[in-house]
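Listed below are the residues making up each chain.
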Amino acid sequence: MARQNAVITGWGFYAPSRVMTNFDLEKIVDTSDQWITERTGIKERHIAAEGETTSTMAARAARVALERARLRPADVDLIIVGTCSPDYLFPATACLVQTAIGAERAGSFDVEAACTSFVSALAIANGMIVSGAIRNALVIGAETLSRFLDWTDRGTCVLFGDGAGAVVVEGSSASVGIESTVLHSDGSKGDLLWVQGGGVKHPASKDSLAKGLHFLKMDGSATFKLAVKSMADAAEEALAAAGLKLDDIALLIPHQANIRIIEAVGKRLRFPAEKVFVNVQRYGNTSAASIPIALCEAEAAGRLRRGDKVLLVAFGGGFTWGAAVLEWWGSHLEHGQRSILDRAARALEDVVDRVRPVG
Ligand code: COA
């Protein structure tokens, strides 16, 4: 099979309709709109309704992304859901999405790298497409962290929100697409941001419930400092791997955890604030969903144009961090004939590969 690049050809997101503002939180815990706004930049977040789960939100985002890519569910090769708040320990949330959208041929699995899960999933999809193992993938970041929050802990419950974002990644002979991905981790700091209960170390029990082990716990200031350094380092590494400089980047889409982290990363990189996409004020930290939701909103706001170099950078529990550089292509709807011909050419290549005698 000829060398192909992995290109984002569809994107979509879903946020639950219930919006919880800082003023709503004032009624629940000892906090204030002023404190939350000044320390985090967050004004409101979306919270999943009863019955809504990570898989139902992921499936909604996936359908929008597939529609935009003009790809039928039956033609999806692989579904990867990045999440640390899956519907179940198993089956994987990706399998639930596979059935919900009718992607009857697709392989499915979840990736868990907390808030870095989407970038991790994108890196896997990119590798598999470039290697020729698959033709396309649905890459989703989806979270329902509201169900893991201790709603009496003002240090964490004000920070997070629910939602899902999805992209379709397809192989293309066009010389655009994902140009580099880098991933890192430091498991020695796992206890600075974690949910201890529910796994095999602390299975759900009366004791684990009494100790609140099923809640997300975080050392906020330690997480803050490491997030800034790690995200800036990963951004520089991904740029170098792509053979680019910061000046080449049209838009930086960082993980949306906290406006102060985003600003500090921009400052450390000496990157202009006007080229950084921010929507944390309306979603809070949606963990794995934050980058794909931001990507969708950036596109809708006209901030992603064909040929733009885009830098995605993430940090999360684990600790995990990573970045990706890509050249924005846009959707088949915009590029019509060319991408349809591209698909036809690849289908033909597949047939030729199959009939070519071995040896
Ligand atoms: N409302 C009001 N006061 C609050 C509060 C809230 N929601 N949450 C914490 N406080 C209080 C603390 O209890 C503390 O009070 P004390 O001095 O009387 O003990 C005070 O505010 C300062 O707490 P501190 O933790 O030092 O504040 P901070 O400036 O570090 O901000 C975070 C706290 C959580 C906003 C900040 O550390 C942060 O954003 N960390 C990174 C979190 C993150 O993004 N994690 C995910 C990464 S993927």
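For clarity, every value in this text was computed on a predicted model and none was experimentally measured.

Considered domain by domain, the chain is made up of domain 1 (5–178 + 331–344) and domain 2 (181–327). At the interface, 54 residues of domain 1 touch 44 residues of domain 2. Viewed at the interface, domain 2 and domain 1 are joined by zero salt bridges. The interface formed by domain 1 and domain 2 holds 16 residue pairs in polar contact (both at pLDDT 80 or more) in total. Those elements that place two or more of their residues in the side of domain 1 that touches domain 2 are β1 (5–14), α2 (33–40), β3 (44–46), α5 (117–131), β6 (136–143), α6 (154–157), β7 (163–172) and α12 (332–335). No other element matches α5, which puts seven residues into the side of domain 1 that touches domain 2. Across the side of domain 1 that touches domain 2, the residue classes tally to 25 nonpolar, 18 polar and eleven charged.

Residues in contact with the ligand amount to 22 residues; listed here are only the nearest, Thr-31, Arg-39, Arg-154, Gly-220 and Asn-258. The separation between an oxygen atom of the ligand and a polar side-chain atom of Asn-258 is 2.5 Å. For the ligand, whose free accessible area comes to 950 Å², the fraction covered by protein is 70%. Elements with a contribution of two residues or more to the shell around the ligand: α2, α6, α8 (220–242), α9 (259–269) and β12 (309–316). The class makeup of the residues in the shell around the ligand is eight nonpolar, ten polar and four charged. A domain-level breakdown of the shell around the ligand finds at least three residues from each of domain 1 (5–178 + 331–344) and domain 2 (181–327).

This next bit is on the packing of aromatic side chains. Evaluation of the coordinates by the stated rule reveals four aromatic pairs. Look at Phe-13 and Tyr-283: their rings are 6.3 Å apart centre to centre, the planes differ by 85°, and that puts the pair in the edge-to-face class. Here Tyr-283 lies in helix α10 (residues 280–283) and Phe-13 lies in strand β1, a separation of 270 residues in the sequence. The rings of Phe-315, Phe-319 and Trp-321 are connected pair by pair, giving a single aromatic cluster.

Glancing now at the nonpolar core. Ranked by size, the top nonpolar core spans 45 residues in total, and within it Leu-311 and Val-325 carry the most contacts. Elements that contribute at least two residues to this core include exactly α8, β11 (249–254), α9, β12 and β13 (320–327). Sort the elements by how many residues they give to this core and α8 lands first, with nine residues. A domain split of this core shows at least three residues from each of domain 1 (5–178 + 331–344) and domain 2 (181–327). Sequence-distant contacts of Leu-311, that is, excluding residues within four places in its chain, are made with Ala-235, Ala-238, Leu-239, Leu-246, Ile-249, Leu-251, Leu-252, Ile-253, Ala-323, Ala-324 and Val-325. Judged by nonpolar contacts, the second largest core, of 33 residues, contains Ile-8, Leu-304, Ala-314 and Leu-326.

To continue, consider the packing of α8 against α9. In the contact formed by α8 and α9, the axes pass within 9 Å of each other and the chain directions differ by 45°. Taken together, α8 and α9 sit at an angle that is classed as oblique. The hand of the α8/α9 crossing is right-handed. Touching Phe-224, Ala-227, Val-228, Lys-229, Met-231, Ala-232, Ala-235 and Glu-236 of α8 are Arg-260, Ile-261, Ala-264, Val-265, Arg-268 and Leu-269, all from α9. Of the residues that constitute the contact of α8 with α9, the class distribution is ten nonpolar, no polar and four charged.

For the rest of this paragraph, the subject is the sheet that holds β12. Spatially, four strands are ordered β8-β13-β12-β11 in an open sheet, and the strand pairing comes out mixed. Where the open sheet ends on each side, the last strands, each with one partner, are β8 (178–185) and β11. The sheet shows a mean angle of 10° between the axes of neighbouring strands, taken without regard to direction. With eight bridges connecting them, β12 and β13 associate as antiparallel partners. Paired with Lys-309 across the bridge in β13 is Glu-327. Contacting β8, β11, β12 and β13, α8 crosses the sheet at an angle of about 145° to β12.

On to the side chain of Glu-327, then. Position of Glu-327 relative to the elements: it lies in strand β13. In this structure the side chain of Glu-327 is engaged in a polar contact, spanning 2.9 Å, whose partner is the side chain of Lys-309.

Right, let's get into the pairing of β1. Across the ten residues that make up β1, a large majority, nine, are buried. Summarising the sheet, β1 and β7 pair through nine bridges and their orientation is antiparallel. Considered in β7, the bridge of Ala-6 is made with Gly-171.

Turning to α2, a few remarks are in order. Every buried residue of α2 is listed here: Asp-33, Ile-36 and Thr-40. Seen along its axis, α2 keeps its buried residues to an arc of 80°; they face one direction. Among the exposed residues of α2, those pointing more than 90 degrees away from its buried face are Gln-34 and Glu-38. Gly-41 lies just past α2 and shows a positive phi near 80°.

Conventions and cut-offs
- Residues numbered from 1 in each chain as written.
- Predicted model: local features only at pLDDT ≥ 70, side-chain atom pairs only at ≥ 80, totals over all residues.
- Heavy atoms only, no water.
- Domains from an automatic or database assignment.
- Contact = heavy atoms within 4.5 Å.
- Salt bridge = Lys/Arg side-chain N within 4 Å of Asp/Glu carboxyl O.
- Polar contact = N/O pair within 3.5 Å; in protein donor to acceptor, adjacent residues only side chain to side chain.
- Helix = DSSP H or I, 4+ residues; strand = E, 2+ residues; numbered from the N terminus.
- Nonpolar A, V, L, I, M, F, W, Y, C, P; charged D, E, K, R; others polar.
- Near = heavy atom within 4 Å.
- Areas by Shrake-Rupley, 256 points an atom, 1.4 Å probe, with all protein chains shown as cover.
- Phe/Tyr/Trp six-rings, centres within 6.5 Å; stacked < 30°, edge-to-face > 60°.
- Core = buried A, V, L, I, M, F, W, Y, C linked by side-chain atoms within 4.5 Å.
- Buried < 20%, exposed > 50% of the residue type's maximum accessible area, 1.4 Å probe, protein only.
- Axes fitted to C-alpha atoms, helices over the stretch in contact; angles between N-to-C directions.
- Parallel < 35°, antiparallel > 145°, perpendicular 65-115°, else oblique.
- Left-handed = near helix turned anticlockwise from the far one by under 90°.
- Pairing = 2+ DSSP bridges.
- Arc of directions from axis to C-beta.

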